[in-house]
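Descriptive structure summary
Next come the chains, spelled out residue by residue.
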Amino acid sequence: MIERVKGTRDILPDEINRWQFLEDQARDVFSLYGFREIRTPIFESTELFQRGIGAGTDIVAKEMYTFPDRKGRSLTLRPENTAPVARAYIEHQMHRRSEIERLYYIGPMFRYERPQKGRMRQFSQIGVEVFGSDHPVIDAETLQMLVLYLDRIGIRPVSVTLNSVGCEACRPRYREILRGYLQPHRDRMCGDCRRRIEVNPLRCFDCKVAADRELLARADTIQDHLCDACRDHFAAVKAHLERLGVPFDLDPRLVRGLDYYCRTTFEVSLAGLGAQNALLGGGRYDGLVKSLGGPPVPAFGFAVGEDRLVLSLPENADIPESSPDVYMISLGEKALQHAPAMAARLRSGRRRVVLDPMPGKSLRSQMRKANDLGARFVLILGEQEIASGRYTLKRMSDGAQVEIDETGMAAQLEEMIRA
Ligand code: HAM
C-alpha cells in the first residue's frame, strides 16, 4: 500500500467543518477591514525566497523543498507567502492602483522540518499583508483585527507578544554590540549559537539551551538601542493598541526567524500547543518590496498556522452543521421512482437532503444509516405511503413524527424544524 508522505495529512470529511469554519470566519472578518483575497502559485523561483527570507535563515538554509524543473531552473515549494505576495504586488504594479493595498491568503506552505504535533511538512497558513503605509495605525488596526478573528472563533483571551526589532539605521549597530558581548563566551555556547554569532547574533535569542539562555538574559536587548524614529514608532503602536483595547505583553528578546522584519514584530503563543506553541507570527517589513526590485513601499502582515488553529479550537466552538437535514428512506423500487423528485423539492427550500438508493435494505438498517450521518429527520417512503400520498417525517432526536403530503412538504418540514 502506498501511504501519505511523512509530515503531510489528509483532512477527512469528518474534520473538514473545523477547517471551513476557520476559513469562512477569516474571510468574513478580514473583509470587514477591507482585505481582499490573493492566490499566488504554490511554487516560485528559489531566488525569491533566498532574497526575501534571507539566505542565512533556518527556513532557507535547511527547510526548503527545492527542485529543478526540466530546463534546470531552480524552483521551491513556498515555505511562506509574504515573499510571493510581495512578488505579485510588484509584478502587477499594485501600488499604482491604490496607495494602501490589503491582501489575504489561505493555503498550503511547505517546510522540511521534523514532524510532531502541530508541526507538519505541508501545513496551511491564513495570512494577511498590508502594503503602502508605515503608519503605526496600520500595525495596531491589523492586530486588532487579528484579535477579533481569534475571538470570533472562540480562541480567547489571547495576549500578543510584542517587540520592535529596529531598522536598518539602528539594528546593525546593535548587532555588533550583541556580537561583541557573545564573542568571548562563544566556545561555551551551542553549535547553533556559534553559527548564529557569525551570521545573525539576534537569532541566538531563540536558543533553547539553558546555559545560553542565561547568558542572553544578561545581554542588552534591541530595546536599549532603538533609534529615535523606531522608538517613536513603537511608542505610537503601543498607544494605539491601548486605545483599541488590544492586550499585549512586551518581550524585548522576541526575534523572528525571517530576515525581512523591521520595527514591530509579534507572536501569539498558546500553552496547549506543546513544544510548537507559536500560533501565529508577523510584523513590519518596510524594506522587502524594494529589495525584491519594487518601489520603496512599507508593509505589515501576519500569518496564523491553520493546523495549530484547528488544534486550539475549543470543544464548544460554534461550528456550523453540515449533516443532512433529511435522510430519505425508500422501501422498494417503486418508492425510488418518487424519491428523487421529492428530495429535489425539499432541496429547493435550501435543505440538505440525502437519498441513497438501497431498495432492498430494511427500514431498520436505513434508520441506522440516517443516524450515522447525523440526519435530523428521516422521510419514509414505502408502497403504502406512495399509494396514499401521505408520508411520515420523523425527527431523529426524539422520534416525534408528523404526516406530510407531497404539495406542502417543504413548508411542513420548515415547521417541524422550527418547532
Ligand atoms: P512564521 O512565523 O514562519 O511566519 O509562520 C507563521 C505561523 O505558521 C507559525 O506561527 C505557525 O503557526 C505556522 N507554521 C510555521 N511552520 C509550521 C509547520 N512546520 N507546521 C505547522 N505550522 C507551521 C511567516 O511565515 C511569515 N510569512 C508571517 C508574516 C506574514 N509576516 C508578515 N506577514
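Residues numbered from 1 in each chain as written. Predicted model: local features only at pLDDT ≥ 70, side-chain atom pairs only at ≥ 80, totals over all residues. Heavy atoms only, no water.

**Thoughts on the layout of surface pockets**
What the second largest pocket holds in volume is close to 610 Å³. Looking at the second largest pocket, it is lined by 30 residues, and the ones nearest its centre are Arg 171, Leu 258, Asp 259, Tyr 260 and Tyr 261. At the level of elements, helix H2 (46–53), helix H6 (171–182), helix H7 (191–199), strand S9 (262–269) and helix H10 (288–291) are the ones that each hand at least two residues to the lining of the second largest pocket. When its residues are assigned to classes, the lining of the second largest pocket shows 10 nonpolar, 7 polar and 13 charged. (1 Å grid on protein atoms, 1.4 Å probe; cavity = no way out; pocket = protein on both sides within 12 Å on 5 of 7 lines; lining within 4 Å. Points joined across faces, edges and corners; volume = space filled by probe spheres on them. Helix = DSSP H or I, 4+ residues; strand = E, 2+ residues; numbered from the N terminus. Nonpolar A, V, L, I, M, F, W, Y, C, P; charged D, E, K, R; others polar.)

**Observations concerning the pattern of salt bridges**
Counted by the stated rule, this structure contains 29 salt bridges. Here Arg 51 ties to Glu 47 by a salt bridge, and the two come within 3.2 Å at their closest N and O atoms. Taken together, the positions of Arg 51 and Glu 47, both in helix H2 and 4 residues apart, correspond to about one turn of that helix. Overall, the relative accessible area of 43% leaves Arg 51 in the partly exposed class. Residue Glu 47 is classed as partly exposed on the basis of its relative accessible area, which comes to 46%. (Salt bridge = Lys/Arg side-chain N within 4 Å of Asp/Glu carboxyl O. Buried < 20%, exposed > 50% of the residue type's maximum accessible area, 1.4 Å probe, protein only.)

**Things to note about the sheet that holds strand S11 (residues 299–305)**
The strand order across the open sheet built from 8 strands is S1-S5-S6-S11-S10-S9-S7-S8, with neighbouring strands paired in mixed fashion. Strand pairing shows two members of the sheet lacking a second neighbour, strand S1 (36–37) and strand S8 (248–250), which therefore form its edges. Alignment of S1 against strand S5 (residues 101–110), held across 2 bridges, turns out to be parallel. Across the sheet, Arg 36 pairs through a bridge with Leu 103, a residue of S5. Sheet strands in contact with helix H4 (residues 82–91) are S5 and strand S6 (122–131), and its direction is about 45° off that of S6. (Pairing = 2+ DSSP bridges. Contact = heavy atoms within 4.5 Å. Axes fitted to C-alpha atoms, helices over the stretch in contact; angles between N-to-C directions.)

**Some thoughts on the pairing of S11**
For S11, a buried count of 7 out of 7 residues is recorded, marking the element as mostly surrounded by other parts of the structure. Taking every second residue as pointing to the same face, both faces of S11 are buried, with Ala 299, Gly 301, Ala 303 and Gly 305 on one and Phe 300, Phe 302 and Val 304 on the other. Judged from the 7 bridges that link them, S6 and S11 form a sheet pairing that is antiparallel. Of the residues in S11, the one forming a bridge with Ile 126 is Val 304.

**Let's talk about the site of the ligand**
The immediate surroundings of the ligand are formed by 26 residues, with Glu 80, Glu 113, Met 120, Glu 129 and Tyr 261 found nearest. Take Met 120: an N or O atom from its main chain is 2.8 Å from a nitrogen atom of the ligand. Taking Leu 279, its main chain carries an N or O atom lying 3.0 Å from an oxygen atom of the ligand. Here the ligand, which alone exposes 660 Å², has 96% of that area covered by the protein. Looking at the shell around the ligand, the elements with two or more residues in it are S6, strand S10 (278–284) and S11. Here the shell around the ligand takes 5 residues from S10, the largest share from any one element. (Near = heavy atom within 4 Å. Polar contact = N/O pair within 3.5 Å; in protein donor to acceptor, adjacent residues only side chain to side chain. Areas by Shrake-Rupley, 256 points an atom, 1.4 Å probe, with all protein chains shown as cover.)

**A look at empty space enclosed by the protein**
Within the structure shown, the criterion is met by 1 cavity of 30 Å³ or more. In this structure, the largest cavity occupies an estimated 60 Å³ of space. As for the largest cavity, its lining consists of Tyr 33, Phe 35, Arg 102, Val 130, Ile 138, Glu 141 and Thr 142. Top element by residues in the lining of the largest cavity is helix H5 (residues 136–152). It accounts for 3 residues.

**Observations regarding the nonpolar core**
Phe 30, Tyr 149, Leu 150, Ile 153, Phe 266, Leu 279 and Leu 309 are the most contacted members of the largest nonpolar core, which totals 43 residues. Beyond its immediate sequence surroundings of up to four residues, Phe 30 is in contact with Phe 35, Tyr 104, Ile 126, Val 128, Met 145, Tyr 149 and Phe 302. Ile 53, Met 120, Tyr 261 and Val 289 belong to the second-largest nonpolar core, a separate cluster that totals 31 residues. (Core = buried A, V, L, I, M, F, W, Y, C linked by side-chain atoms within 4.5 Å.)

**Brief notes about the packing of H2 against H4**
Two elements in contact, H2 and H4, have axes whose closest approach is 9 Å; the angle formed by their N-to-C orientations is 105°. Accordingly, the angle class assigned to the pair H2 and H4 is roughly perpendicular. For the pair H2 and H4, the contacting residues are Leu 48, Phe 49 and Gly 52 in the first and Ala 83, Pro 84 and Arg 87 in the second. (Parallel < 35°, antiparallel > 145°, perpendicular 65-115°, else oblique.)

**Examining the sheet that holds strand S12 (residues 326–330)**
Taken together, 5 strands build an open sheet; the order of strands is S13-S12-S14-S15-S16 and the sheet is mixed. Pairing within the sheet leaves two strands with one partner each, and these edge strands are strand S13 (353–355) and strand S16 (401–405). Put simply, the sheet's adjacent strands are angled 25° from each other on average, direction ignored. Bridge count between strand S14 (residues 377–381) and strand S15 (residues 390–395): 4 bridges; the pairing is antiparallel. Its bridge partner lying in S15, Ile 380 is registered against Thr 392. Strands S12, S13, S14 and S15 of the sheet are contacted by helix H13 (residues 363–373), whose axis makes an angle of about 165° with S12. Where helix H15 (residues 409–418) meets the sheet, it contacts S12, S14, S15 and S16, and its direction lies at approximately 160° from that of S16.

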